[in-house]
Amino acid sequence: MTASSADQRRHAPAAERNAAPILAVLQRTLPATGTVLEIASGTGQHAAFFAPRLASRRWQPTEPDPELRRSIAAWSATAATDTLLPVIDLDAGAPLWPVETAPPPEPICAIVAINMIHIAPWAACLGLLAGAGRILPPRGVLYLYGPFSRDGRHTAPSNAAFDSGLRRRDAAWGIRDVGAVAHAAAAVGLAPHDDIAMPANNLSLIFRRS
Ligand SMILES: C[S@@+](CC[C@H](N)C(=O)[O-])C[C@H]1O[C@@H](n2cnc3c(N)ncnc32)[C@H](O)[C@@H]1O
């Protein structure tokens, strides 16, 4: 991620590339109203892009990194919508999320986590699923995007190389397996709903609260 000296907005090329394909899936997947809770908002590019295009919902960005929260606030200031809520500090691994003690004005209908669970320890993925299990209402949606393996096998050589690079950076990181995520999701009451191939060997994995 890079930042220009003129403002606090950081730029992630991947977020720019994947925004439109992800939006197309969100438009047909998210409940029509309510608050969408974005976990790991990163630079804030996605929040600023999605919120005005999904404007029958509120968009709640969250991010544990304070520098990135400044970038999210700067991107939010550029978004022409009043549906984008101020960013909040949220670590998916925490046993209680701030939105549980101070819920947004409109109930949370969906949780979105893009390119997070492979760049965090498995415990963060379990924390994300546990939070979704606690917070989502019946038929609420959990949307995950990123590279995944299937049955323990990478789906492309580029994903295998990416996974090795991640594990060299941090042994607790790595591409997650669809089956392992689905198994952990089932344990908190989240059932697989859809599984969509995305550009560059990524997947959209969609779960619903039963
Ligand atoms: C590769 S970035 C993706 C950011 C953004 N979603 C995107 O697609 O551009 C990974 C993000 O995961 C966040 N992250 C890592 N561990 C986390 C955790 N335990 N809870 C919430 N976010 C976390 C990082 O701070 C970072 O913003």
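Residues numbered from 1 in each chain as written. Predicted model: local features only at pLDDT ≥ 70, side-chain atom pairs only at ≥ 80, totals over all residues. Heavy atoms only, no water.

**Focus on the sheet that holds strand β3 (residues 34–39)**
To keep it simple, the criterion reads: DSSP calls a pair of strands paired once it identifies at least 2 bridges connecting them. The numbering of helices and of strands both runs from the N terminus, where a helix is a DSSP run of H or I of at least 4 residues and a strand a run of E of at least 2. Axis definition: a line fitted to C-alpha atoms, over the contacting stretch in the case of helices. Angles run 0 to 180 degrees between N-to-C directions. Here, two residues are considered to be in contact whenever any of their heavy atoms come within 4.5 Å of each other.
Sheet architecture is open: 6 strands sit in the order β4-β3-β5-β6-β10-β9, paired in mixed fashion. This sheet does not close on itself; its edge strands, each paired only once, are β4 (57–61) and β9 (190–198). Ignoring which end each strand starts from, the neighbouring axes of this sheet average 20° apart. Bridge count between β3 and strand β5 (residues 108–114): 5 bridges; the pairing is parallel. Bridged to Leu37 within β5 is Ile111. Strands in contact with helix α5 (residues 122–135) are β3, β5, β6 (141–146), β9 and β10 (202–209); relative to β5, the strand with the most contacts, it is inclined by about 170°.

**So, the environment of Ala186**
We count it as follows: Only protein chains enter the accessibility calculation, which uses a 1.4 Å probe. A residue is then buried if its area is under 20% of the maximum for its type, exposed if over 50%, and partly exposed in between.
Looking at where Ala186 falls in the secondary structure, it is placed in helix α7 (residues 178–186). Judged by relative accessible area, which is 53%, Ala186 ranks as exposed. C-alpha of Ala186 to C-alpha of Trp97: the two residues are 89 residues apart in sequence and 20 Å apart in space.

**Brief notes about the environment of His193**
Structurally, His193 is set in strand β9. Take His193: its relative accessible area is 43%, and that puts it in the partly exposed class. Separated by 164 residues in sequence, His193 and Thr29 have C-alpha atoms that sit 9.9 Å apart. In this structure, His193 is in contact with Ile206, Phe207 and Arg208, ignoring residues within four places of it in sequence.

**Section: the side chain of Thr62**
Note on placement: Thr62 falls in the loop between β4 and α3 (66–78). Using a relative accessible area of 0% as the deciding quantity, one classes Thr62 as buried.

**Remarks on the site of the ligand**
So the rule is basically this: A molecule or strand has a residue near it when one of that residue's heavy atoms lies within 4 Å. Under this definition, polar contacts are N or O atom pairs within 3.5 Å; protein pairs additionally need one hydrogen-donor-capable and one acceptor-capable atom, and for neighbouring residues in sequence, both atoms have to be side-chain atoms. Polar here means any residue outside two lists: the nonpolar Ala, Val, Leu, Ile, Met, Phe, Trp, Tyr, Cys and Pro, and the charged Asp, Glu, Lys and Arg; Gly therefore counts as polar.
The ligand sits among 18 residues. The nearest are Ala40, Glu63, Asp91, Ala92 and Ile114. Contact between the ligand and Asp91: a nitrogen atom at 2.9 Å from a side-chain N or O atom of the residue. With respect to the ligand, the backbone of Ile114 contributes an N or O atom lying 2.8 Å from a nitrogen atom. A per-class count over the shell around the ligand returns 12 nonpolar, 4 polar and 2 charged.

**Concerning the pairing of β5**
Selection criterion: With its strands directed away from the observer, a crossover is right-handed exactly when the path from the first strand over the helix to the second travels clockwise.
The element β5 is largely enclosed, with a buried count of 7 among its 7 residues. Across 5 bridges, the pairing between β5 and β6 is parallel. What sits directly across from Ala113, in β6, is Leu144. Taken together, β5, α5 and β6 form a β-α-β motif whose crossover is right-handed.

**A few points about the packing of aromatic side chains**
For clarity, the threshold we go by: Aromatic contacts are taken between Phe, Tyr and Trp rings whose centres are within 6.5 Å, Trp giving its six-membered ring; a plane angle under 30 degrees counts as stacked, one over 60 as edge-to-face, and the others as tilted. Whether a charge sits over a ring comes down to the Lys NZ or Arg CZ being within 6 Å of the ring centre and within 35 degrees of the ring normal.
Tallied over the full model, the rule gives 2 aromatic pairs. With 5.9 Å between their ring centres and 65° between their planes, Phe49 and Phe50 make a pair best called edge-to-face. A relative accessible area of 25% means that Phe49 is categorised as partly exposed. Here Phe50 falls in the buried class, since its relative accessible area comes to 0%. Aromatic ring contacts, followed pair by pair, group Phe49, Phe50 and Trp59 into a single cluster. The ring of Phe49 has Arg53 lying over it, and the distance from NZ or CZ to the ring centre is 3.9 Å. We note Arg134 situated over the ring of Trp97; from NZ or CZ to the ring centre the distance is 5.7 Å.

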